[in-house]
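What the coordinates show
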Protein chains: 2
Amino acid sequence: MDQPSRSAGTVRPGGRTARVRAAVLEATQDELVERGFHELTMDQVAARAGVGKTTVYRRWGSPSGLVTDLMNELADQSSPHADTGGIEGDLRANAVSVLNALNDERLGVTFQAVIAAGTGDEPAARALHAFYLRRIQEWANVVDLAVARGELPAGTDGAEVIRAISAPLYYRLVVTREPVTREVAERSVARTLAAARAGAFVTTGSRG
Amino acid sequence: MDQPSRSAGTVRPGGRTARVRAAVLEATQDELVERGFHELTMDQVAARAGVGKTTVYRRWGSPSGLVTDLMNELADQSSPHADTGGIEGDLRANAVSVLNALNDERLGVTFQAVIAAGTGDEPAARALHAFYLRRIQEWANVVDLAVARGELPAGTDGAEVIRAISAPLYYRLVVTREPVTREVAERSVARTLAAARAGAFVTTGSRG
DNA sequence: CAGTTAATGAAACACTTGTTTCGATAAGAT
DNA sequence: ATCTTATCGAAACAAGTGTTTCATTAACTG
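Here the structure is a predicted model, which means the values were calculated and not measured. Within every chain, residues take consecutive numbers counted from 1 along the sequence as written. In the order they appear in the text, chains get letters beginning with A and ligands get numbers beginning with 1. Owing to the predicted nature of the model, reporting of local features is limited to residues with pLDDT of at least 70; listing and counting of side-chain atom pairs is limited to 80 or more, with chain, interface and lining totals taken over all residues. In computing side-chain properties, one takes all heavy atoms of the structure into account and sets aside hydrogens as well as water.

1. Description of the overall build of chain A
Put simply, DSSP marks the helices as runs of H or I at least four residues long and the strands as runs of E at least two long, and each gets a number from the N terminus on. Each helix and strand counted, chain A has 9 helices and 0 strands in total. Of the regular secondary structure in chain A, the N- to C-terminal order runs α-α-α-α-α-α-α-α-α. Referenced to the eigenvectors of the C-alpha coordinate spread, the extents of chain A come out at roughly 60 × 35 × 30 Å. Each residue is placed in one exposure class: buried if its accessible area under a 1.4 Å probe, protein chains only, is under 20% of its type's maximum, exposed if it is over 50%, and partly exposed if it falls in between. Counting every position in chain A, which comprises 208 residues, the buried fraction comes to 48%. The contacts of chain A with a sequence gap of at least 6 include a subset with a gap of at least 24, amounting to 68%. Working definition of accessibility: Shrake-Rupley area with a 1.4 Å probe, residue cover restricted to the visible protein chains. As displayed, chain A offers around 10,000 Å² of accessible surface, 48% of which is attributable to carbon and sulfur atoms. Counting rule applied: Lys, Arg positive; Asp, Glu negative; His and chain ends not counted. Each charge is placed at NZ for Lys, CZ for Arg, CG for Asp and CD for Glu. Of the side-chain charges in chain A, 24 are positive and 25 negative, and the distance between the mean point of each set is 4 Å. Here, residues are in contact when the closest pair of their heavy atoms is within 4.5 Å.

2. Topic: the relation of the copies chain B and chain A
Residues below a pLDDT of 70 in either copy are left out; the C-alpha atoms of the rest, at least 70 in both, set the least-squares superposition of the copies. Rotating chain B by 180° and moving it 0.0 Å along the rotation axis overlays it on chain A with an RMSD of 0.0 Å. Here the copies are linked by what is in effect a two-fold axis. In this assembly the copies share their binding face: 100% of the residues contributing to the interface of chain B also contribute to that of chain A.

3. As for the UniProt feature "DNA-binding region" (unreviewed entry) in chain A
Per the UniProt entry, the sites bearing "DNA-binding region" (unreviewed entry) are residues 41-60 of chain A in this numbering. Segment residues 41-60 of chain A splits into 80% helix and 0% strand. End C-alpha atoms: 12 Å apart. UniProt positions are given in the numbering used here, feature names are shortened, and annotations may be inferred rather than shown by experiment.

4. A few points about the domain arrangement of chain A
All names here are of chain A. For each domain, the first and last residues come from an automatic or database assignment. Domain boundaries in chain A define domain 1 (16-74) and domain 2 (81-202). Inter-centroid distance (C-alpha atoms) of domain 1 to domain 2 is 28 Å. Each partner contributes residues to the interface: domain 1 has 13 residues there, and domain 2 has 16 residues. Three residues, Val33, Met71 and Leu74, lead the burial of domain 1 against domain 2; their summed loss comes to 43% of the area buried on that side. Put simply, a salt bridge is a Lys or Arg side-chain nitrogen that is within 4 Å of an Asp or Glu carboxyl oxygen. Here domain 1 is connected to domain 2 by 2 salt bridges. The salt bridge partner of aspartate 30 is arginine 106, with a shortest N-O separation of 2.1 Å. Here a polar contact is taken to be a pair of N or O atoms separated by no more than 3.5 Å, where protein atoms must pair a possible hydrogen donor with a possible acceptor and residues adjacent in sequence count only if both atoms sit in side chains. Summed over the shared surface of domain 1 and domain 2, the result is 3 residue pairs in polar contact (both at pLDDT 80 or more). Of all the secondary structure elements, the ones that give two or more residues to the side of domain 1 that touches domain 2 are helix H1 (15-35) and helix H4 (63-77). In terms of residue count, the dominant contributor to the side of domain 1 that touches domain 2 is H4 (7 residues). Buried area: the accessible area, evaluated with a 1.4 Å probe, that two parts lose upon being put together, summed over both parts.

5. Remarks on the UniProt feature "domain: HTH tetR-type" (unreviewed entry) in chain A
Residues annotated in UniProt with the feature "domain: HTH tetR-type" (unreviewed entry) correspond here to residues 18-78 of chain A. Between the C-alpha atoms that bound residues 18-78 of chain A the distance is 20 Å, and the span itself is 80% helix and 0% strand.

6. Points about helix H8 (residues 158-176) of chain B
Residue and element names in this part refer to chain B. In this model, H8 (19 residues) spans 27 Å end to end at C-alpha, consistent with the 27 Å of a helix rising 1.5 Å per residue. Take the seven residues that end at a residue and the seven that start at it, fit an axis to each, and the angle between those axes is the bend at that residue. The sharpest bend along H8 measures roughly 30° and falls at serine 166, with the proline proline 168 sitting one to four residues further on. Put simply, aspartate 157 is the residue that caps the front of H8, since its side-chain oxygen is 3.2 Å from the backbone nitrogen of alanine 159. Arginine 177 sits one or two positions beyond H8 and adopts a positive phi of about 55°. Expected span of a helix: the number of residues minus one, times 1.5 Å.

7. Details of the side chain of arginine 135 of chain B
Residues and elements named next belong to chain B. Inspection of the secondary structure assignment puts arginine 135 in helix H7 (residues 122-149). In this structure, arginine 135 is buried with no salt-bridge partner, the nearest side chain bearing the opposite charge being glutamate 138 at 5.1 Å. Those residues within four positions of arginine 135 in sequence are excluded, and the remaining contacts are Ser78 and Ser79.

8. Some words on the pattern of salt bridges
This structure, assessed with the given rule, holds 39 salt bridges over all chains. Note that arginine 172 of chain B is salt-bridged to glutamate 160 of chain A, the shortest N-O span being 2.8 Å. Placement of the pair is arginine 172 of chain B in helix H8 and glutamate 160 of chain A in helix H8 (residues 158-176), with the two residues belonging to separate chains. The same class applies to arginine 172 of chain B as to glutamate 160 of chain A, namely buried. Bridged by salt links that share partners, the residues Glu26, Asp30, Glu31, Glu34, Arg35, Arg48 and Arg106 of chain A form one connected network.

9. Observations concerning the packing of aromatic side chains
Each aromatic ring pair is summarised here by two numbers: the centre-to-centre distance and the angle between the ring planes. By convention, a stacked pair of Phe, Tyr or Trp rings (six-membered ring in the case of Trp) has centres within 6.5 Å and planes under 30 degrees apart, an edge-to-face pair has planes over 60 apart, and any other such pair is tilted. For the structure on display, the rule yields 10 aromatic pairs over all chains. Plain terms: the ring middles of tyrosine 171 of chain A and tyrosine 170 of chain B are 5.7 Å apart, the flat faces sit at 50° to each other, and that makes the pair tilted. Taken as a pair, tyrosine 171 of chain A in helix H8 and tyrosine 170 of chain B in helix H8 lie in two separate chains rather than in one. Given the relative accessible area of 4%, tyrosine 171 of chain A is considered buried. Taken together, the ring pairs connect Phe111, Phe131, Tyr132 and Tyr170 of chain A together with Tyr171 of chain B into an aromatic cluster.

10. A short note on empty space enclosed by the protein
We place a 1 Å grid over just the protein atoms. Points where a 1.4 Å probe fits but has no way out form a cavity, open points with protein on both sides within 12 Å along at least 5 of 7 lines form a pocket, and any residue with an atom within 4 Å of a point lines it. Grid points are joined across faces, edges and corners, and a volume is the space filled by probe spheres set on the points. Throughout the structure, instances matching the rule amount to 1 cavity of 30 Å³ or more. Counted as a void, the largest cavity has a volume near 440 Å³. Ala164, Pro168 and Thr192 of chain A together with Ala164 and Pro168 of chain B are the residues nearest the centre of the largest cavity, which is lined by 28 residues in total. Listing elements by their share of the lining of the largest cavity, those giving two or more residues are H8 and helix H9 (182-197) of chain A together with H8 and helix H9 (182-197) of chain B. When residues are grouped by polarity, Ala, Val, Leu, Ile, Met, Phe, Trp, Tyr, Cys and Pro land in nonpolar, Asp, Glu, Lys and Arg in charged, and all others, Gly among them, in polar. Tallied by class, residues from the lining of the largest cavity come to 14 nonpolar, 4 polar and 10 charged.

Okay, here's the thing in structure tokens:
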């Protein structure tokens, strides 16, 4: 009965509402950097953003809701795939882009927060899934181009190649908790490329 | 002043103390399965374990402390590496072992909980780091054996090969939130092996 | 088999987090 | 410019979380 049919802020998204959202997301990132997702509290974010805590609870509901919205915001800002003219350069560009994001003070903690939120919160998990699937699809094109140029075997699965580039970096970041260095990124590119050239990413029987 | 020089339970670890710990860790896992790390509360764990909440706070301090202890417990139970006589069989055994752990109802949620805890809690992060480094070292031996048998190039970095096997599984589990299937595991083995055979895991100048 | 005291747990407490209410403000419509 | 009402926010409230106190229990010691 009392629940609005749409969430607050969707009917009048202009002026004030937009300012409040920007201030809250900004405050959320600041809090993530200083305290981490663990200690991200609605009250603190509200105070820092200079808005009422009622508003933060109403529009985002929980800390997971905050970081999920942050992730959706990042999704809109992400850039298209590189095109260096060769598959090695393209894949390296992808690896370095991920590397820089993970090591960036603000972006790094944000990704880690959403990953943490995703382990227990369905909306956060969906946001992660959607975000990475779009990023993977975007960069998978560089593999198709490489196949067209004859650099890689026909039938090479582009999305899988892109996943293979990122996987070792995220694995170290959140699982083994080892540093994610430039060297790690370079090795990931070299190994993925070696496997791809050997035809290990060719999808057999993909067409029935 | 009031802080004991060692944490509670380390001076008289017999009988009662051990029973309390077992009951609490059991209850923690049950709660993780039913509600997830997000909703893991000290009160609820204490009630379920049939112990006073004072005890849970005193010995573990926080939900992160609980799952960290759970991880240390798992570390003691982990088994040695396979020895099938061939590198492909050994790596497949490793991949399947990880696959089964991640898809196991109890183990899966536990790993995810510790990963989530690790993003913001230093002790949890250290437990993760220590656990996986030991597991990686243990399984790296199968690569050394393979090199000795002439299956892989001399100088192949065993630890890196093992990391490469696991990385895609964890990447899907916690980052892209895609299903972690048998097929994913098999492909990880095939691709890692292809790269390894091509010499992409040979550490150049490691002794320089 | 006592004696000592580490460890536990019930209860009272302080603090934090989340919800509800309702008047104030300003976005968008006419 | 004026009206309507979505959105906001201060305050009071309810619920949950974490701490302290202290009596009880039971490991370990000799």
